[in-house]
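# Summary of structural features
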Amino acid sequence: MRKFILYFLLVFLFAAVVTFSYGFLNGEKIRSFATQVSRVQAEHDLAPKIGKIEASFRDNSKKEISQIRDESKQSSIELDAVIKESETAKKEIENLSAPTVSGGTKKLAEDYYSKLAQEAADLKGIIGYMSQIIDVAAVFGEMKENSSLDELKNLIAGAKEKGNAVETGSLPSGLQASAQNLKDSMNAFLEKMDNIASLKSDNMAELDAGYNDFSQKEDEFFVNAKKYIDGMENLDILENRINIDLERLGKIKFSLK
């Protein structure tokens, strides 16, 4: 009987040692996970970059067309980089070993970088579309009082070609209808300009109406685009939640999960 009790106690002691060893080792893994996620966050701090570009877009109405064109090209390059870096950060998170207790935090971090990439892609689509419209509208700045009729016709022809090539597919679905309306209105106005320049029509009132409709549709799209950007999820909330989790996980010394 004594041997049995002794054997039982030894087994119990061994199980306790294994359990405690596992608990402390797992606690170390949890803290290591928290440290690695924090490192990824520090290396891929991308939200401020998106915020800066969003703020610049909202101020477009105060800028010259040439400035908007230059900034739009630079913003598209920067947003491409943000998208790629967000995807890289997500993969780094996915490749981390996460004990059960930190699994939820891992999922939040993955979602965070997925949403960052999507917001950057949406913003790039909006800026890219506006750049196309600006390229077409730039024809008005090239028209001079002393331009010959042939020069005007060539400018309008070039604008019509660019206008027909304008794409809306990269825009968020919620903006595509408004973008198509703007494209159609712009092309209709250019057609009226072409008719006047080609002496097919002399109805200036119709031309003025076409320009007014184009201007209105342009304003409507810009307002809708700003509303869309303002309505994007505030990822600061998700980031703060992740940081709270990481702080908690970083203090865990012992865990069996």
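Up top is the structure these notes are about.
Report on the accompanying structure. Fair warning: this is a prediction, and the values are worked out from it, not measured in the lab. (Residues numbered from 1 in each chain as written. Predicted model: local features only at pLDDT ≥ 70, side-chain atom pairs only at ≥ 80, totals over all residues. Heavy atoms only, no water.)

## Remarks on the packing of aromatic side chains
Evaluated as defined, the whole model comprises five aromatic pairs. Ring centres of Tyr112 and Tyr113 lie 5.1 Å apart, and the angle between their planes is 80°; this geometry places the pair in the edge-to-face category. Judged by its relative accessible area of 3%, Tyr112 is buried. Take Tyr113: its relative accessible area is 2%, and that puts it in the buried class. A centroid spacing of 4.8 Å and a plane angle of 55° characterise the contact between Tyr129 and Phe221, whose relative ring orientation is tilted. (Phe/Tyr/Trp six-rings, centres within 6.5 Å; stacked < 30°, edge-to-face > 60°. Buried < 20%, exposed > 50% of the residue type's maximum accessible area, 1.4 Å probe, protein only.)

## Focus on the layout of surface pockets
Each pocket or cavity is described by its volume, and for the largest pocket that value is around 430 Å³. Contributing to the lining of the largest pocket are 18 residues, with Ile65, Ile68, Met130, Ile134 and Glu218 lying nearest its centre. Of all the elements, helix 8 (residues 204–230) adds the most residues to the lining of the largest pocket, at six residues. Among the residues forming the lining of the largest pocket, the class breakdown is eleven nonpolar, four polar and three charged. By volume, the second largest pocket is sized at about 220 Å³. Glu54, Glu119, Glu233, Asn234 and Leu235 are the residues nearest the centre of the second largest pocket, which is lined by 13 residues in total. Counting residues per element, the lining of the second largest pocket draws most heavily on helix 2 (residues 47–58), which supplies five residues. (1 Å grid on protein atoms, 1.4 Å probe; cavity = no way out; pocket = protein on both sides within 12 Å on 5 of 7 lines; lining within 4 Å. Points joined across faces, edges and corners; volume = space filled by probe spheres on them. Helix = DSSP H or I, 4+ residues; strand = E, 2+ residues; numbered from the N terminus. Nonpolar A, V, L, I, M, F, W, Y, C, P; charged D, E, K, R; others polar.)

## Examining the nonpolar core
Judged by nonpolar contacts, the single largest core of 55 residues is most densely connected at Phe57, Tyr112, Tyr113, Leu116, Tyr129 and Phe221. Breaking this core down by element, the ones donating at least two residues are helix 1 (2–43), helix 2, helix 3 (65–94), helix 4 (103–137), helix 6 (149–165), helix 7 (173–197), helix 8 and helix 9 (235–249). The element best represented in this core is helix 4, accounting for 13 residues. Other than its neighbours up to four places away in sequence, Tyr113 contacts Val40, Gln41, His44, Leu46, Ser86, Ala89, Lys90 and Ile93. (Core = buried A, V, L, I, M, F, W, Y, C linked by side-chain atoms within 4.5 Å. Contact = heavy atoms within 4.5 Å.)

The values reported here are purely geometric and, on their own, carry no functional implication.
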